Amino acid sequence: MALPHSANIVIMASNYNPSIVSKEWLYQRGIFTESVDNFVHTPMLALVENQNLGFMVDEQRLQIVIKRVTQDNLTNSNVIAQRFIDVLPETPYKAVGLNYSFKLAEKSCNLRGLWVPKAAKLKAVFSQDYQVGAMVVFSFGGFAATFTVTPSLTKGQPIRIGFNFHANVANTIEVKARIASQTTTLQKAESIIQELCNNG
């Protein structure tokens, strides 16, 4: 199974202080170790980017965007998140989200038969070229997970499949445990796609 088209880690908190998150602060604490292409630092927002990752902190959210999804960059994003939590253990953390987005050719994964038991009825109500999306909510490993399928009417455009694994947290131990679930949540996402596409 191919890696996702995009992925990110989101850590929500009651009161981040972006004004302290300078480029030097991140380097001195070993949170960010790669070269930086873009950096913005204001009292309300800190943003660090390179070709592989984007690291953004505002007053309520840390988001690490994996811009070029590789296994190394997935691992590195996890390490960065863990180090950030280690440096700021007193922060009142609220939730962790692990998000993945896949793009699949419709012919490689035709989900219409799975989602549409009454295709003739939908053709009559809408049109011959209707497309169906889906949203499924399920629990997995302490996360409330959401699976979405976004179709396209444009011929040749891929189906977009998204996964959000969300968990409320009360302390740094829970935050780090949820972040460490990145591999298992991604494997779950990949297995769901394989199962649906093989049996759709």
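Conventions we followed
Residues numbered from 1 in each chain as written. Predicted model: local features only at pLDDT ≥ 70, side-chain atom pairs only at ≥ 80, totals over all residues. Heavy atoms only, no water. Phe/Tyr/Trp six-rings, centres within 6.5 Å; stacked < 30°, edge-to-face > 60°. Helix = DSSP H or I, 4+ residues; strand = E, 2+ residues; numbered from the N terminus. Lys NZ or Arg CZ within 6 Å of the ring centre and 35° of its normal. Expected span 1.5 Å × (residues − 1). Buried < 20%, exposed > 50% of the residue type's maximum accessible area, 1.4 Å probe, protein only. Core = buried A, V, L, I, M, F, W, Y, C linked by side-chain atoms within 4.5 Å. Axes fitted to C-alpha atoms, helices over the stretch in contact; angles between N-to-C directions. Parallel < 35°, antiparallel > 145°, perpendicular 65-115°, else oblique. Contact = heavy atoms within 4.5 Å. Nonpolar A, V, L, I, M, F, W, Y, C, P; charged D, E, K, R; others polar. Pairing = 2+ DSSP bridges.

Student: Whenever I open this one, the packing of aromatic side chains confuses me. Can you help?
Tutor: On inspection of all chains with the given rule, the structure shows 12 aromatic pairs. With a centroid separation of 6.1 Å and 65° between ring planes, the pair formed by Y16 and Y93 is classed as edge-to-face. One end of the pair, Y16, is in the loop between β1 (6–13) and α1 (23–28); the other, Y93, is in strand β6 (residues 93–104), and 77 residues separate them in sequence. Connected via pairs of aromatic rings, a cluster forms that spans Y100, F102, F138, F140, F143, F147, F163 and F165. We note R178 situated over the ring of F143; from NZ or CZ to the ring centre the distance is 5.5 Å.

Student: Sorry, what's going on with helix α2 (residues 71–87) here?
Tutor: Owing to its 3.6 residues per turn, the α-helix aligns residues three or four sequence positions apart on the same side. Compared with an ideal rise of 1.5 Å per residue, which puts 17 residues at 24 Å, α2 spans 25 Å between its outermost C-alpha atoms and is within 8% of the ideal. Along α2, the residues classified as buried are N73, L74, N76, S77, N78, I80, A81, Q82, F84 and I85.

Student: Would you explain the nonpolar core in this entry?
Tutor: Generally speaking, nonpolar side chains in soluble globular proteins are found buried as a group. Ranked by internal contacts, the top residues of the largest apolar core, which has 51 residues, are I11, F55, F84, Y93, I161, F163 and F165. Looking at this core, the element that brings in the most residues is β6, giving 6 residues.

Student: Just checking my understanding: could you explain the packing of α2 against helix α5 (residues 172–179) for this structure?
Tutor: Any two packed helices are characterised by the angle at which their axes cross and by the distance between the axes. Two elements in contact, α2 and α5, have axes separated by 10 Å at closest approach and are oriented at 175°. Taken together, the axes of α2 and α5 are roughly antiparallel relative to one another. Note on element contacts: α5 touches α2 through T172, V175, K176 and I179, opposite N78, A81, Q82, I85 and D86. Considered class by class, the residues forming the contact of α2 with α5 number 4 nonpolar, 3 polar and 2 charged.

Student: Even after reading the chapter, I still don't get the sheet that holds strand β2 (residues 38–41), so can you show me in this structure?
Tutor: Strand pairing in a sheet relies on backbone hydrogen bonds, with the paired strands running either antiparallel or parallel. Across the sheet, which stays open at both edges, the 9 strands sit in the order β2-β3-β4-β5-β1-β6-β9-β8-β7 with antiparallel pairing between neighbours. Two strands close off the open sheet at either side, each with one partner strand: β2 and β7 (134–140). Between one strand axis and the next, the sheet turns through 10° on average, direction left out of account. Taken together, the 6 bridges between β1 and strand β5 (residues 61–66) define a ladder with antiparallel strand orientation. Bridged to M12 within β5 is R61. Contacting β1, β6, β8 (143–150) and β9 (159–168), α5 crosses the sheet at an angle of about 10° to β6.

Purely spatial values, then, with no claim about function.
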